[in-house]
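Per-entry structural report
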Amino acid sequence: MTILIVGGGWSGLAAAITCVQQGQAVHLIESAKQLGGRARNVPWGDDTIDNGQHLMIGAYERMLAVMQSIGIDTTAVFQRQAMDLTIHDTEYSPLRLSSKAYLPWPLSLAWNLASSAGISAVRQVAKLQSDIKRVLTEEDISVSDWLLLTKQPQRLVRQLWEPLCLATLNTPIAEASAHLLAIVLRDSLGKGKSAADTLIPSQPLGDLFPQMAAKYIQQQGGKISLGTRAKALLVEDEKVTGLVTDDGSQLASDAIIVATTASQSDALLSPHMKVHLPIEYPICTVYLQYAAGIRLKAPMLGMSGTISQWIFDRSEQTPGLMAVVISAPGRHEKMTKKELISCVCKEVHQLFPVMPKQAEQGFVIREKRATFACTVDIEKQRPSHQTDIAGLWLAGDYVANNYPATLEGAIRNGENCAKRMVADLK
Ligand SMILES: Cc1cc2nc3c(=O)[nH]c(=O)nc-3n(C[C@H](O)[C@H](O)[C@H](O)COP(=O)(O)OP(=O)(O)OC[C@H]3O[C@@H](n4cnc5c(N)ncnc54)[C@H](O)[C@@H]3O)c2cc1C
């Protein structure tokens, strides 16, 4: 019997890899002409960029392990460095969250924070960190309420917590789940120095994993069909028996993993069962091409008090290329691409005067449904892998796993779903 996998994003690919590693035959179908889903290659002139700048961290254990299991040298494909984040603001001096110092972790963090924002900032951050256990045992609240409860000063909210919340949960602090932020802080800052390392891909996302994954799956006898959309599931007596594709072909199987977004899954599942539909929020990336040789002081820098939130130096991939990220909904959505490029260039020059006033070229990619929103109580609403329909399983980043929408969450869910399904088949 061949296991059918719907969706060739990072989650579906991880599911397919796990199935073939367990000796199962798989057929993955992907509606787009390329693999990768929300983390894929996009052409820009002669260059290849990402559909949006992604950042990974050392705590992405399963992502790194799955990559290594298919022969990817994870030391070569990322620019990995110890955490060193400086957030520049229009009103305050730069705030530094960094593990670089002649002190052991986490004293190094405290040292750099104290040097940039004062000893009281260290006390406040420690206060929030020590409240993580408590907040996780109580009913979920919004991140803003949690910051109020722990009496975080305005500067830290603006220059640290808000940027971190937007970057990790893609949800404004007034709506974001304190539980999920607490888990992210616990698993990134609370698990030792290497978990907090930042990993910036040094090649386009599609080359980084999806293409390598496809090669591996096919070498192991798996089949991949691009440009093939699952249109309907075939269900008889509460058991899945196959699916129908866009061109009317029927693929028979009594084991199917649907590894798409919540709303795409709902389109397939709604005749048979209900899936909670979370709100979906956008992420916008503004690519700026400067003259070769223009570089930032660090691979990534935070920006606050501006529409721009983070700037990444992608010179390792293309000399002079910068990617500016704007997470969640906001004023930028109303701007034309030209207005946004001009505004972002101005902000970059304002906070980093060494950067030219204008870029040679700009390119805007708006991913309108980039991630599910991590709103209060979202954890209670996420579905589990196994459904009430026999043989029908769910993967994708939105399935319950205590993580926000991330590549790590997508890979974990693909892997866990496939393992549980194969165990069930046996
Ligand atoms: C701009 C942007 C920035 C991001 N930044 C980060 C970051 O910095 N760090 C991080 O960890 N994560 C980040 N993410 C989130 C991360 O990309 C996602 O969590 C992850 O890619 C989700 O993978 P997935 O496989 O679950 O879903 P998807 O990638 O959405 O894959 C689903 C696939 O299913 C296909 N499909 C849908 N319907 C059908 C159908 N009926 N038949 C066949 N195929 C179908 C789709 O075409 C798609 O390829 C970002 C996302 C975006 C968009």
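Once that is clear, we can look at the site of the ligand. Around the ligand, a shell composed of 37 residues is seen, among which Gly 7, Gly 9, Gly 37, Gly 52 and Thr 406 lie nearest. The set of elements that each furnish at least two residues to the shell around the ligand consists of helix H1 (10-21), helix H11 (262-269), strand S15 (280-289), strand S19 (361-372) and helix H14 (407-425). Looking at the shell around the ligand, its residues break down into 15 nonpolar, 16 polar and 6 charged. Counting the residues that make up the shell around the ligand, at least three belong to each of domain 1 (2-47 + 55-76 + 204-278 + 378-425) and domain 3 (280-372).

Moving on: the sheet that holds strand S20 (residues 392-394). Pairing is parallel in the open sheet, where 5 strands are placed in the order S10-S2-S1-S14-S20. Looking at the sheet topology across the chains shown, the edges are occupied by strand S10 (223-225) and S20. When the angles between neighbouring strand axes are averaged without regard to direction, this sheet yields 20°. For strand S1 (residues 2-6) and strand S14 (residues 256-258), the ladder comprises 3 bridges, and the chain directions are parallel. The partner of Ile 5 across the bridge, within S14, is Ile 257.

The next subject is the packing of helix H2 (residues 61-69) against H14. At a closest axis distance of 8 Å, the pairing of H2 and H14 adopts a crossing angle of 65°. Considering the relative orientation of H2 and H14, their crossing is left-handed. Only Leu 407, Glu 408, Ile 411, Arg 412 and Glu 415 of H14 make contact with H2, whose side of the interface consists of Arg 62, Met 63 and Val 66. Residues of the contact of H2 with H14, tallied by class, amount to 4 nonpolar, no polar and 4 charged.

Interfaces are often sized by the accessible area lost when the parts come together. Domain boundaries in the chain define domain 1 (2-47 + 55-76 + 204-278 + 378-425), domain 2 (83-196) and domain 3 (280-372). Counting residues per element, the ones that place at least two in the side of domain 1 that touches domain 3 are strand S3 (41-44) and H11. When its residues are assigned to classes, the side of domain 1 that touches domain 3 shows 7 nonpolar, 2 polar and 2 charged.

Attention shifts here to H14. For H14, which comprises 19 residues, the first-to-last C-alpha distance of 27 Å matches the rise-based estimate of 27 Å (1.5 Å per residue) to within 8%. What H14 keeps buried is the set Leu 407, Glu 408, Gly 409, Ala 410, Ile 411, Arg 412, Asn 413, Gly 414, Glu 415, Cys 417, Ala 418 and Met 421. If you follow the buried residues of H14, they end up packed against H1, strand S5 (56-57), H2, S14 and S20.

What counts and what doesn't
Residues numbered from 1 in each chain as written. Predicted model: local features only at pLDDT ≥ 70, side-chain atom pairs only at ≥ 80, totals over all residues. Near = placed C-beta within 6 Å. Helix = DSSP H or I, 4+ residues; strand = E, 2+ residues; numbered from the N terminus. Nonpolar A, V, L, I, M, F, W, Y, C, P; charged D, E, K, R; others polar. Domains from an automatic or database assignment. Pairing = 2+ DSSP bridges. Axes fitted to C-alpha atoms, helices over the stretch in contact; angles between N-to-C directions. Left-handed = near helix turned anticlockwise from the far one by under 90°. Contact = placed C-beta atoms within 7 Å. Expected span 1.5 Å × (residues − 1). Buried ≥ 20, exposed ≤ 12 C-beta atoms within 10 Å, placed from the backbone.

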